[in-house]
Amino acid sequence: MNIESQAPTGVDQAKKSASTSAPPTAGNISSAATIVNQPPPSSTAANLPRSMTEGSPLLLRHEGGLQAWLVVLGSFLIHSFVFAPTEYVFGIFEHHYLTIFPESSPSSIAFVGSVGSAVTYLAGFLAGIVADRFGFRLTAMTGSVVMTVALVLASFSTQVWHLYLTQGVLFGIGASLAYYPAIAAPSHYFSRKRGLATGIAVSGVGAGGLILAPLTNSLIGHFDIYWTLRILAFICFFICGGASLLISESKEHYATKESIEDDVDEKPEGSIGEDKSFFEALKVFKDPQFLSLSVAELAASIGFLIPLYYMQTYAVFIGLSTEKGALILGLTSGASLTGRILLGLISDYVPNSYALLFCSWATALAIVVLWTIARSFGMLLLSGLIFGFFGGGYLSLVPVAVADSFGTMQMASTIGLMYAAGGLGMLAGAPLAGFLLDITKPDISYLPVTLTAGGTLVLGAVGVTSWFLYNRRARKARKAAAALRADSS
């Protein structure tokens, strides 16, 4: 049931008042402001999540619907592929690339995937702005074409540096153009169910890994790695290109930092269709909430991939079999998939800020404490499950936090700028862990690795805590401003 079917929202009442009265005067605007900031009727408020009634004006007049869920489906499908060739399927490619290029070291081959992942995030500062300026659908379709071309070109590589340019840089650029519209679009259509919608969308990463990893391995076994890349290029164009047609902006959403006067205008400043320059988009760096989340992304991204890369080798180091190590990694991925959806749903019924804060600290403590002391299968599995579940929740809740803090009108630009900082961390995290492990030889110790991963995740949690405090202060300021306008009327 949507909000409009229960009772008209404050924005509806304000617009109706503005359209049926005399031309707007200072008194009329003040009256409209009072109406906009009045709480919904009790019957509506009772069915709204607390996160939407604690000072946040992000209430859509129409919630969900067929088009909205088709956008979620499109986002899910794009998420299922954009990280495959550079992250959760790249390990399969790496094994075969070492055979094709025997003169290359494992680290030089691994750098292909690292470059692709880093470029996906680093290019976000431009991809998000392009998406907000030219539209989500066109940007995502362009990214799908670029990814397809990159994989086809990679299939003709005869040198490792060819892979750096194709499967690394070019694919990363295409993935960035497709990813940022996909991560931003669901928030345009949902307010009460924003956490659930975003959680379902980002869970495509886990679902894609479960399908594409065995498929890629099977294709290489039946054909070869070159034809596998070409087949994956076709799959990319079919899945991501088709999903791009489902991605679009919603013309009905309200940014949290819009003034009341803009709320009652027909076309508020910054609405869809209005061009935003690159330098105007950079103004978000003045916001302490944005800076706090960006620092959190930079710090946490350094440590986030380290457990995924090294937890399995650590299992063998403490005397477990490779099969048990693989089982722990697989169950960690399964917990991540579950956490993305379940914690996204929970965030719709508790304040998202509290859910994100809890997830950030739970993720950090799972590594800095549990992984550090893990000496058995049970303890290491517990560390992996907690890390995967709350880490997956963290990934699904950050876009919701961006929408709550900055609104949805320039959401792709804001997320792109923020995640660009995370790209730097991802580029450094795994190589740093490898370096720390090497310097402990011949008496190998994983303690520097676990403490580095856990320490950077703790720094990320501190950044989220800073955002939480700034966000709470902003909510109180909005409430105080609304009360002041109500009193002055």
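Quantities reported herein were computed from a predicted structural model and do not represent experimental measurements.

Scoring rules and cut-offs
- Residues numbered from 1 in each chain as written.
- Predicted model: local features only at pLDDT ≥ 70, side-chain atom pairs only at ≥ 80, totals over all residues.
- Heavy atoms only, no water.
- Helix = DSSP H or I, 4+ residues; strand = E, 2+ residues; numbered from the N terminus.
- Buried < 20%, exposed > 50% of the residue type's maximum accessible area, 1.4 Å probe, protein only.
- Axes fitted to C-alpha atoms, helices over the stretch in contact; angles between N-to-C directions.
- Parallel < 35°, antiparallel > 145°, perpendicular 65-115°, else oblique.
- Contact = heavy atoms within 4.5 Å.
- Phe/Tyr/Trp six-rings, centres within 6.5 Å; stacked < 30°, edge-to-face > 60°.
- Lys NZ or Arg CZ within 6 Å of the ring centre and 35° of its normal.
- Core = buried A, V, L, I, M, F, W, Y, C linked by side-chain atoms within 4.5 Å.
- Expected span 1.5 Å × (residues − 1).
- Salt bridge = Lys/Arg side-chain N within 4 Å of Asp/Glu carboxyl O.
- Disulfide = S-S within 2.5 Å.
- 1 Å grid on protein atoms, 1.4 Å probe; cavity = no way out; pocket = protein on both sides within 12 Å on 5 of 7 lines; lining within 4 Å.
- Points joined across faces, edges and corners; volume = space filled by probe spheres on them.
- Nonpolar A, V, L, I, M, F, W, Y, C, P; charged D, E, K, R; others polar.
- pLDDT = per-residue confidence, 0-100.
- Left-handed = near helix turned anticlockwise from the far one by under 90°.

A. Here's a closer look at the overall build of the protein. Helix and strand content of the protein: 22 helices and zero strands. Burial statistics for the protein: of 489 residues in total, 54% are counted as buried.

B. Structural context of the environment of I328. As for its placement among the helices and strands, I328 is situated in helix 18 (residues 322–346). With relative accessibility at 1%, the residue I328 sits in the buried group. Residues I328 and L381, spaced 53 residues apart in sequence, show a C-alpha to C-alpha distance of 5.6 Å.

C. Structural context of the packing of helix 9 (residues 124–134) against helix 10 (residues 136–154). Axis separation between helix 9 and helix 10 bottoms out at 6 Å; the angle between their running directions is 135°. As far as their axial angle goes, helix 10 and helix 9 are oblique. In this structure, helix 9 uses A127, V130, A131, D132 and F134 to contact helix 10, whose residues at the interface are F136, L138 and T139.

D. Layout of the packing of aromatic side chains. As enumerated under the stated definition, the model contains 19 aromatic pairs in all. Aromatic side chains Y314 and W371 sit 5.8 Å apart centroid to centroid with 85° between the ring planes, which places their arrangement in the edge-to-face category. Taken together, the positions of Y314 in helix 17 (residues 288–317) and W371 in helix 19 (residues 352–373) put the pair 57 residues apart, joining distant regions of the chain. A network of ring pairs unites the aromatic residues F83, Y121, Y179, Y180 and Y419 as a single cluster. Sitting above the plane of the W227 ring, R230 keeps its charged end 4.8 Å from the centroid. Against the face of F377 rests K324, its NZ or CZ located 5.5 Å from the ring centre.

E. Looking closely at the nonpolar core. Core analysis: the biggest nonpolar cluster contains 106 residues, and F81, Y97, W371 and L380 have the highest contact counts within it. Beyond its immediate chain neighbours, meaning those up to four positions away, W371 contacts I306, P307, Y310, M311, Y314, A366, L380, S383, V449, T450 and A453.

F. The arrangement of helix 10 in detail. Over its 19 residues, helix 10 runs 27 Å from end to end, which matches the ideal 27 Å to within 8%, given 1.5 Å per residue. Taken residue by residue, helix 10 has F136, T139, A140, G143, S144, V146, M147, T148, A150, L151 and A154 as its buried positions. Among the structural elements, helix 5 (66–82), helix 6 (84–88), helix 9, helix 11 (160–184), helix 14 (225–244) and helix 21 (411–438) are those in contact with the buried residues of helix 10.

G. Representation of the pattern of salt bridges within the structure. One pass over the full model with this rule turns up one salt bridge. When the shortest N-O distance is used, the salt bridge between K441 and D438 registers 3.5 Å.

H. Geometry of the state of the cysteines. Per the counting criterion, the structure on display carries zero disulfides. Cysteine C240 remains unbridged, with the sulfur of C236 as its closest cysteine sulfur at 4.3 Å.

I. Broad picture of helix 11. For helix 11, spanning 25 residues, the distance from its first C-alpha to its last is 34 Å, which sits close to the expected 36 Å at 1.5 Å a residue. Of all the 25 residues making up helix 11, 19 are buried; the element is thus mostly covered by neighbouring parts of the structure.

J. Summary view of empty space enclosed by the protein. Enumeration according to the criterion identifies four cavities of 30 Å³ or more in this entry. Considered as a void within the structure, the largest cavity measures approximately 60 Å³ in volume. As for the largest cavity, its lining consists of A300, F304, S360, T363, G391, Y394, L457, G460, A461 and V464. Of all the secondary structure elements, the ones that give two or more residues to the lining of the largest cavity are helix 17, helix 19, helix 20 (377–406) and helix 22 (447–488). Looking at which element gives the most residues to the lining of the largest cavity, the answer is helix 22, with four residues. Per-class residue counts for the lining of the largest cavity are six nonpolar, four polar and no charged. Roughly 40 Å³ of volume is contained in the second largest cavity. Those elements giving two or more residues to the lining of the second largest cavity turn out to be helix 8 (106–122), helix 17 and helix 21.

K. Structural context of the confidence of the model for the protein. Confidence in the prediction for the protein averages 77 pLDDT; 80% of positions are at 70 or higher. The least confident element of the protein is helix 1 (residues 3–6), whose mean pLDDT is 36; the most confident is helix 10, at 95. The model gives residues 1–59 a pLDDT under 50, and that stretch makes 100 contacts with residues more than four places away or in other chains. Here residues 253–275 is modelled with pLDDT under 50, and outside its nearest four sequence neighbours on either side it reaches 63 contacts, counting other chains as well.

L. Up close: unusual backbone geometry. That bond from K441 to P442 is cis: its omega, 10°, falls within 30 degrees of zero. With respect to the helices, strands and loops of the structure, P442 is situated in the loop between helix 21 and helix 22.

M. Inspection of the packing of helix 9 against helix 11 at higher detail. Their axes nearest at 9 Å, the elements helix 9 and helix 11 cross at an angle of 55°. With respect to their mutual orientation, helix 9 and helix 11 come out oblique. In this structure, helix 9 meets helix 11 at a crossing whose hand is right-handed. Contacts from G124, A127, G128 and A131 in helix 9 reach S176, L177, Y180 and P181 in helix 11. In the contact of helix 9 with helix 11, the residues fall into five nonpolar, three polar and no charged.

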